[in-house]
Amino acid sequence: MSDPSPLVDLDDILVDGPVSPDTDGVDPERLAIRPPGPGLPESIGWMVLLFMAQMGTAIVVVAAYSVILVISGASVHGLQSVIESLDSTSMLWLFGGPNLLAFLLIIAVGLLRLRPAPFRQLNVSAPSGTQWLIFATAVLPLGLIADAMWQHGDDLWSKVVEQFPVLQLLDQSNVVAFMEQINGANLPSLLLLLAIVPAVGEEFVFRGLIGRGLVARWGVIAGVAITSVMFACMHMYPPHVWAVLPIGLVMHVVYLTTRSFWAPVAFHFINNGLAAVYASYGLTGTEGGETLPGWLTVVAPFYVILCCALLWKYRTRYVDDEGRDVSPGYCSVAPPDAVGPTRRRTVRSIPVMIVMGLILAVQVGVVARDLIVESGSAAEAGELHDADGGESSLRL
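A quick note: this is a predicted structure, and the numbers were derived from the prediction, not measured.

Focus on the overall build of the protein chain
Here's step 1: When helices and strands are counted, the protein chain shows 14 helices and two strands.
Here's step 2: With 396 residues in all, the protein chain has 48% of them scored as buried.
Here's step 3: A total accessible area of about 18,800 Å² is found for the protein chain, and carbon and sulfur atoms account for 68% of it.

Structural notes on the packing of helix 8 (residues 187-218) against helix 11 (residues 262-280)
Here's step 1: Interhelical geometry of helix 8 versus helix 11 gives an angle of 155° and a closest axis separation of 8 Å. It follows that helix 8 is roughly antiparallel to helix 11 by the angle criterion. You can see that helix 8 and helix 11 cross each other, and the crossing is right-handed. Contacts between helix 8 and helix 11 involve Leu 187, Leu 190, Leu 191, Leu 194, Ala 195, Ile 196, Pro 198, Ala 199, Val 200, Glu 202 and Glu 203 from the first element and Pro 264, Val 265, His 268, Phe 269, Asn 272, Gly 273, Ala 276, Val 277, Ala 279 and Ser 280 from the second.
Here's step 2: Here the residues of the contact of helix 8 with helix 11 sort into 15 nonpolar, four polar and two charged.

Things to note about the packing of helix 2 (residues 40-71) against helix 8
A pair of packed helices is captured by two measures, namely the crossing angle of their axes and the spacing between those axes.
Here's step 1: Between helix 2 and helix 8, the shortest axis-to-axis distance is 10 Å and the interhelical angle comes to 165°. The angle between the axes of helix 2 and helix 8 places the two elements in the roughly antiparallel class. The two elements helix 2 and helix 8 meet at a crossing, and its hand is left-handed. Residues Leu 40, Ser 43, Trp 46, Met 47 and Leu 50 of helix 2 touch helix 8, and the partners they reach there are Val 205, Phe 206, Leu 209, Ile 210, Leu 214 and Trp 218.

Topic: helix 11
Here's step 1: Taking 1.5 Å per residue as the helical rise, helix 11 with its 19 residues ought to reach 27 Å, and the 25 Å between its terminal C-alpha atoms agrees with that figure.
Here's step 2: Just downstream of helix 11 lies Gly 282, where phi reads positive at about 70°.

Describing the packing of aromatic side chains
Here's step 1: This model, assessed by the stated rule, comprises seven aromatic pairs.
Here's step 2: On the numbers, 6.5 Å between centres and 70° between planes, the contact of Tyr 255 with Phe 261 is edge-to-face.
Here's step 3: With relative accessibility at 2%, the residue Tyr 255 sits in the buried group.
Here's step 4: Above the plane of the ring of Tyr 314 lies Lys 313, whose end atom (NZ or CZ) is 5.6 Å from the centre.

What about the confidence of the model for the protein chain?
Here's step 1: The share of residues in the protein chain with pLDDT of 70 or more is 81%, and the mean pLDDT across the chain is 82.
Here's step 2: By mean pLDDT, the top-scoring element of the protein chain is helix 9 (residues 220-233) (96), and the lowest-scoring one is helix 1 (residues 28-31) (42).
Here's step 3: Below pLDDT 50 for its whole length, residues 1-32 participates in 44 contacts with residues either more than four positions away or in separate chains.
Here's step 4: Residue range residues 286-292 is modelled with pLDDT below 50. Its contacts to residues more than four positions away, or to other chains, number 29 contacts.

Concerning the environment of Leu 358
Here's step 1: The residue Leu 358 is located in helix 13 (residues 350-381) in this model.
Here's step 2: Each C-alpha atom of the pair Leu 358 and Leu 133 lies 9.7 Å from the other, and the pair is 225 residues apart in sequence.

Observations regarding the nonpolar core
Here's step 1: If you look at the biggest cluster of nonpolar residues, it comprises 72 residues, and the most contacted ones within it are Ile 134, Leu 190, Leu 194, Val 205, Phe 206, Ile 210 and Phe 267.
Here's step 2: Sort the elements by how many residues they give to this core and helix 6 (residues 129-163) lands first, with 13 residues.
Here's step 3: In this structure, Phe 206 is in contact with Met 47, Leu 50, Gly 211, Thr 227, Met 230, Phe 231, Met 234 and His 252, ignoring residues within four places of it in sequence.
Here's step 4: Counting residues in each nonpolar core, the second largest holds six residues, with Leu 140, Tyr 278, Leu 283 and Val 367 among its members.

A closer look at the pairing of strand 1 (residues 316-319)
Here's step 1: With burial as the criterion, each face of strand 1 is covered, one bearing Thr 316 and Tyr 318 and the other bearing Arg 317 and Val 319.
Here's step 2: Sheet topology places strand 1 next to strand 2 (residues 343-346); four bridges connect them, and they run antiparallel. Paired with Arg 317 across the two strands is Arg 345, which belongs to strand 2.

Here we look at a nonpolar patch on the surface
Here's step 1: On the surface, Ile 44, Val 48, Phe 51, Met 52, Met 55, Leu 170 and Met 236 cluster together into a nonpolar patch covering about 600 Å² of accessible area.
Here's step 2: Mapped onto the elements, Met 52 comes out in helix 2.
Here's step 3: You can call Met 52 exposed: its relative accessible area is 53%.

Overview of unusual backbone geometry
Here's step 1: In this model, Gly 37 is joined to Pro 38 through a cis peptide bond whose omega is 10°.
Here's step 2: If you trace the backbone, Pro 38 turns up in the loop between helix 1 and helix 2.
Here's step 3: Omega for the peptide link from Arg 115 to Pro 116 comes to 10°, which places this bond in the cis form.
Here's step 4: Notably, Met 236 is not glycine yet its phi reads approximately 70°, a positive angle.

Observations regarding the environment of Asn 123
Here's step 1: Secondary-structure assignment places Asn 123 in the loop between helix 5 (118-122) and helix 6.
Here's step 2: Put simply, Asn 123 and Arg 259 are 136 residues apart on the chain and 6.5 Å apart in space, counted from C-alpha to C-alpha.
Here's step 3: Sequence-distant contacts of Asn 123, that is, excluding residues within four places in its chain, are made with Arg 259, Ser 260, Phe 261, Tyr 318, Val 333, Ala 334, Pro 335 and Arg 344.

Some points on the state of the cysteines
Among covalent bonds in proteins, the disulfide is the one between the sulfur atoms of two cysteines.
Here's step 1: Throughout the structure, instances matching the rule amount to zero disulfides.
Here's step 2: Looking at Cys 307, it has no disulfide partner, and the nearest cysteine sulfur is the one in Cys 308, 7.1 Å off.

Overview of the pattern of salt bridges
Here's step 1: Taken as a whole, this structure holds five salt bridges when the rule is applied.
Here's step 2: When the shortest N-O distance is used, the salt bridge between Arg 207 and Glu 203 registers 2.7 Å. Of this pair, Arg 207 and Glu 203 both sit in helix 8, separated by four residues, roughly a single helical turn.
Here's step 3: The partner of Asp 325 in a salt bridge is Arg 317, and the shortest N-O contact between them spans 3.8 Å.
Here's step 4: With a relative accessible area of 9%, Arg 317 lands in the buried category.
Here's step 5: In this structure, a network of salt bridges that share partners links the residues Asp 320, Glu 322 and Arg 324.

Cut-offs used in this document
- Residues numbered from 1 in each chain as written.
- Predicted model: local features only at pLDDT ≥ 70, side-chain atom pairs only at ≥ 80, totals over all residues.
- Heavy atoms only, no water.
- Helix = DSSP H or I, 4+ residues; strand = E, 2+ residues; numbered from the N terminus.
- Buried < 20%, exposed > 50% of the residue type's maximum accessible area, 1.4 Å probe, protein only.
- Areas by Shrake-Rupley, 256 points an atom, 1.4 Å probe, with all protein chains shown as cover.
- Axes fitted to C-alpha atoms, helices over the stretch in contact; angles between N-to-C directions.
- Parallel < 35°, antiparallel > 145°, perpendicular 65-115°, else oblique.
- Left-handed = near helix turned anticlockwise from the far one by under 90°.
- Contact = heavy atoms within 4.5 Å.
- Nonpolar A, V, L, I, M, F, W, Y, C, P; charged D, E, K, R; others polar.
- Expected span 1.5 Å × (residues − 1).
- Phe/Tyr/Trp six-rings, centres within 6.5 Å; stacked < 30°, edge-to-face > 60°.
- Lys NZ or Arg CZ within 6 Å of the ring centre and 35° of its normal.
- pLDDT = per-residue confidence, 0-100.
- Core = buried A, V, L, I, M, F, W, Y, C linked by side-chain atoms within 4.5 Å.
- Pairing = 2+ DSSP bridges.
- Patch = residues over 30% accessible without salt bridge, like charges linked within 9 Å, V, L, I, M, F, W, Y side chains within 5 Å.
- Salt bridge = Lys/Arg side-chain N within 4 Å of Asp/Glu carboxyl O.
- Disulfide = S-S within 2.5 Å.

Here is the structure:
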């Protein structure tokens, strides 16, 4: 199915409100439309606030737990050994729980920033079935790309640390070590703390809030690039930062083309959910994508690009009664304010849905087979998979 409506340049702005006759039908106050924020300085401030919230809640939770241990009779010198002896699920909640509290705080403050209509600005409309299937099939191939970038980045980082040992301090943020500690944790806890919380929290901050302002003010290319770099930098460990960068870029493309906050959230959840499932099976360091044929590592970038192109082709628009695109004059996912009724329109394709559905079914089958084979091998060997690959954890 093709879209019959012509493209309208972003400068062709439909306005509302009263008009004066000496401005050719346009209210002078509407001629200079100021794109929404945050701007770059405020965006950096949101990053700092998020980091402080995460560190602050972590310190408070660990301190409170330590106090409880001391009250119950544990010695101060034995606190570390007590914490290290925790089971994987308790360890997950002790160090992952604060992240939940931090994002609840940030989201509450962020919703105030998006007033008076935060959910309208985020655009909580649902993506179409065509869009769902397109971006869902891109998750696993994008993981292959991230894994390859991780491996090259980790090798390079090891050489850099050899020359500058002080940089070993950043190794404390290596998520692979944490994933080893929570191998075999309770699946609901893993899905909540590793998939749901980051998916909703990080997408709210980096796509819905920071990305909203930077894309509107800097344009699509620069805005998406800056937002994605900031998103990657929050992961701190340099190989992790490098590997997460393409994932941030693609998730922003998903957001802009679907004009639905739930689309990047779903993408993020599927991505992190895979890591959570593998960790629950005690298979950190393995991933469905790693068992695929080697040639797919080469094909994966082309497939991800194809998915982005398809998302653009089947993107969501807001149009007027005559089928013309309605725009506020800058790039935005929010429904536009315009004279007269506007409607949300997304081109759908049954053939694309069928093809993408088959591809997704194959990917699910590969992951299921990997879980069965790998978990069976681990049980027979009496040991868990090591985390050398790290692919299931680096994408968190």
